[in-house]
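In case you want the letters, here they are:
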Amino acid sequence: EPEVTQTPSHQVTQMGQEVILRCVPISNHLYFYWYRQILGQKVEFLVSFYNNEISEKSEIFDDQFSVERPDGSNFTLKIRSTKLEDSAMYFCASRRTGGRSPLHFGNGTRLTVT
Amino acid sequence: DQQVKQNSPSLSVQEGRISILNCDYTNSMFDYFLWYKKYPAEGPTFLISISSIKDKNEDGRFTVFLNKSAKHLSLHIVPSQPGDSAVYFCAASAVDNYGQNFVFGPGTRLSVLP
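Summarised in this report is the structure supplied together with it. (Residues numbered from 1 in each chain as written. Chains lettered and ligands numbered in written order. Predicted model: local features only at pLDDT ≥ 70, side-chain atom pairs only at ≥ 80, totals over all residues. Heavy atoms only, no water.)

## Observations regarding the side chain of His76 of chain B
Residue and element names in this part refer to chain B. Its location among the elements puts His76 in strand S8 (residues 72-77). Here Ser74 takes part through its side chain, which lies 3.4 Å from a polar atom of the side chain of His76. Sequence-distant contacts of His76, that is, excluding residues within four places in its chain, are made with Ile18, Ser19, Ile20, Arg61, Phe62, Thr63 and Phe65. (Helix = DSSP H or I, 4+ residues; strand = E, 2+ residues; numbered from the N terminus. Polar contact = N/O pair within 3.5 Å; in protein donor to acceptor, adjacent residues only side chain to side chain. Contact = heavy atoms within 4.5 Å.)

## Looking at the state of the cysteines
Residue and element names in this part refer to chain A. Summed over all chains, the structure comprises two disulfides over all chains. Between Cys23 and Cys92 runs a disulfide, and the two sulfur atoms are separated by 1.9 Å. Note on the Cys23 and Cys92 pair: the S-S dihedral is about -65 degrees, so by sign convention the disulfide is left-handed. With Cys23 in strand S3 (residues 19-24) and Cys92 in strand S9 (residues 88-95), the pair connects residues that are 69 residues apart, well separated along the chain. For the residue pair Cys23 and Cys92, the accessibility class agrees, reading buried in each case. (Disulfide = S-S within 2.5 Å. Buried < 20%, exposed > 50% of the residue type's maximum accessible area, 1.4 Å probe, protein only.)

## What about the pairing of strand S3 (residues 19-25) of chain B?
Residue and element names in this part refer to chain B. Burial along S3 is one-sided: Ser19, Leu21, Cys23 and Tyr25 are buried, and none of Ile20, Asn22 and Asp24, which face the opposite way, are. One ladder, built from six bridges, connects S3 with S8; its direction is antiparallel. Within S8, the position partnered with Ser19 by the bridge is Ile77. (Pairing = 2+ DSSP bridges.)

## Details of the packing of aromatic side chains
Summed over the entire model, instances satisfying the criterion amount to 19 aromatic pairs over all chains. Aromatic side chains Tyr33 of chain A and Phe102 of chain B sit 6.0 Å apart centroid to centroid with 75 degrees between the ring planes, which places their arrangement in the edge-to-face category. Taken together, the residues span two chains, with Tyr33 of chain A in strand S4 (residues 31-37) and Phe102 of chain B in strand S10 (residues 102-104). Across the pair, Phe102 of chain B and Tyr33 of chain A agree in class, each one buried. Measuring from ring centre to ring centre gives 5.8 Å for Tyr36 of chain B and Phe46 of chain B, while their planes differ by 65 degrees; the resulting arrangement is edge-to-face. Of this pair, Tyr36 of chain B sits in strand S4 (residues 32-38) while Phe46 of chain B sits in strand S5 (residues 45-51), placing them 10 residues apart in sequence. On the basis of relative accessible area, Tyr36 of chain B is assigned to the buried category, the value being 0%. A relative accessible area of 27% places Phe46 of chain B in the partly exposed class. Site record: aromatic cluster; members linked through ring pairs are Tyr33, Tyr35, Phe45, Phe91 and Phe105 of chain A together with Tyr32, Tyr36, Phe46, Phe89, Phe102 and Phe104 of chain B. (Phe/Tyr/Trp six-rings, centres within 6.5 Å; stacked < 30°, edge-to-face > 60°.)

## As for the interface of chain B and chain A
With 23 residues of chain B at the interface, the matching set in chain A holds 22 residues. For the chain B and chain A pair, buried surface summed over both sides reaches about 1,900 Å², with 56% attributable to carbon and sulfur atoms. Counting every contact that joins chain B to chain A gives one salt bridge. Between Asp31 of chain B and Arg100 of chain A there is a salt bridge; the shortest N-O distance is 3.9 Å. At the boundary of chain B with chain A, the tally comes to five residue pairs in polar contact (both at pLDDT 80 or more). Secondary structure elements with two or more residues in the side of chain B that touches chain A: S4, S5 and S10 of chain B. With four residues, the single largest contributor to the side of chain B that touches chain A is S4 of chain B. Broken down by class, the residue content of the side of chain B that touches chain A amounts to 13 nonpolar, seven polar and three charged. (Buried area = accessible area lost by both parts, 1.4 Å probe. Salt bridge = Lys/Arg side-chain N within 4 Å of Asp/Glu carboxyl O. Nonpolar A, V, L, I, M, F, W, Y, C, P; charged D, E, K, R; others polar.)

Structure, rendered in structure tokens:
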């Protein structure tokens, strides 16, 4: 069964550094998302992306965050200058259509900012 | 701002019995609801969904019930198996919202005891 893949599985970085989290969504999916889960807290929406542009973003997704679909397969999340509070599991998700179709998640990247 | 609530952080059930997980929502614009299961170190896995035009959807051992007037949904697992032990997330979305963000509840940890 096709799946969403995320790399790396674990990223450790120093505060102030830039990180890029990578995702390969399911190949025929058109809608892409990033969510995060801080340890012990709920899964929080960051951003949705469709037709090569951001369709919605949350308050968390400030100017330090950006997303890109640089080619036909990858979907990346960049954090420009990481803060301690960015430490979390970051989940990429995709779905085939809009409307009533479910999100399919990758296994996440654990980001640790020291 | 808890638009999706799961008031039971944990639930323990004997193997073979029914597990009932509950979810409440506040946003009347939500019209598509999903349940996800999450094991440690993995991403959420889609289980079952329901549209607001239905009040029940069944898939094998999993049944979701929706009570729109009460803004309440529940997931029934019967019979429960030890492999069902995981964190279960309820999620909701407003289909006509262009960005179609999915809002997640805080999760309920289900333990199925052998």
